[in-house]
Amino acid sequence: MRTDTTSATAAIFAANRAQGAVAFDVHQVEGITRRRHLHESGSLRVRFPSPEAEGLSAVFVNTAGGVAGGDRFDIEIATGEGSRLAVTTAAAEKVYRAAGPPSQLNIALKLGAGSHLAWLPQETILFDRAQVSRRIDIDLAQSASLLLCEIVVFGRSAMGERMLSGQFVDRWRLRRGGRLVFAETVRLDGDIGEKLRQPAIAKGGVAVGTALMVPGDEALVERIRGLSESFGGEVGISCWNGFAMARFCAQDAAKLRTDMMAVLGCASGAALPRLWLN
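Counting restarts for each chain, with residues numbered from 1 along the sequence as it is written. With the structure being a predicted model, the display of local features is reserved for residues of pLDDT at least 70 and the display and counting of side-chain atom pairs for 80 or more, all residues being used for whole-chain, interface and lining totals. The side-chain numbers reported here are obtained from all heavy atoms of the structure, hydrogens and water having been left aside.

Caption draft 1: Structural context of the overall build of the chain. Tallying secondary structure elements over the chain gives four helices and 17 strands in all. Whether a residue is buried, partly exposed or exposed follows from its accessible area with a 1.4 Å probe, protein chains only, as a fraction of its type maximum: under 20%, in between, or over 50%, in that order. The buried share among the 278 residues of the chain stands at 44%. Here the analysis covers contacts within the chain between residues at least 6 apart in sequence; of these, 71% occur between residues at least 24 apart. Working definition of accessibility: Shrake-Rupley area with a 1.4 Å probe, residue cover restricted to the visible protein chains. Accessible surface for the chain amounts to roughly 13,500 Å². Of this, 51% is attributable to carbon and sulfur atoms. Runs of H or I in DSSP of at least four residues are treated as helices and runs of E of at least two as strands, each being numbered from the N terminus. Should any heavy atoms of two residues lie within 4.5 Å, those residues are considered in contact.

Below you can see the structure in the form of structure tokens.
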């Protein structure tokens, strides 16, 4: 009887999990980027505002209203030769506490020759006892360019909330011209609140971020370092293997967002998506 009850409970739990998937590609038509194929399923949607100049903008919307334990979301994007695409989210994504399996976020980005992708989602906010596993796989043609940022906030500080425990696993793999040039896996679990207080991890910070810029060189690094007097949190920047990466940590999520915007503006010179400016 106990086995039957456990199986029934597991089945009900699985049936109530949100799943969403979006896969699309873009290509260049007479100098202007246009959407080509699009597949949407479940609670994940993407919308394309009116084109600006020769590029295309895309905005992801999660109609589930957040991410809960056991949810799964998959994104696949491909940019054709010479195309230009900027991607963001309609709002910050909230990951709620999980009593069972972790939520899964899988992102695959493939950039064709001479194309450019700006992957600029708004913050991911982890509630206390949230459990999430994220995977980001990036495959760039040698001549493609990429501007990518991710911000993770551990609890809603403005509401007096902090993430005390849970699990956050973040796996990144970057290939350029078919060669693996960057691989990293971050894992925070158990007593996350205590770990974030450790000087070698976050020194009490409640928000961390990463900006990846391809191509990246010492000249770009020096331009970004020139902004150091204006930063409200800690920002480190370096380059190797033909790309640059900036790391962010702050005790205030709003300050980290401001620092990120400054770095992205310096790196690209292009305006950020309008949703970032609200």
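Caption draft 2: Just the sheet that holds strand E13 (residues 166–176), in detail. Should DSSP find at least two bridges between two strands, the strands are taken to pair. A sheet is described by the order of its strands in space; here seven strands give the open sequence E2-E1-E5-E8-E11-E13-E14, paired in mixed fashion. Pairing within the sheet leaves two strands with one partner each, and these edge strands are strand E2 (32–42) and strand E14 (179–190). Strand after strand, the sheet turns through a mean of 5° between neighbouring axes, direction not considered. Examined bridge by bridge, strand E11 (residues 131–140) and E13 share ten bridges and lie parallel to one another. If you follow Arg134 over to E13, its bridge partner there is Asp170. Axes here refer to lines fitted to C-alpha atoms; in helices the fit is confined to the stretch in contact. Angles between the N-to-C directions go from 0 to 180 degrees.

Caption draft 3: Summary view of the side chain of Ser145. Relative to the helices and strands, Ser145 is located in strand E12 (residues 145–154). Here His116 takes part through its side chain, which lies 2.7 Å from a polar atom of the side chain of Ser145. Once residues within four sequence positions are removed from consideration, Ser145 is found in contact with Leu111, Ser115, His116, Leu117, Val214 and Pro215. Whenever two N or O atoms come within 3.5 Å, that pair is a polar contact, provided that in protein one can donate a hydrogen and the other can accept it, and provided that, for residues adjacent in sequence, both atoms are side-chain atoms.

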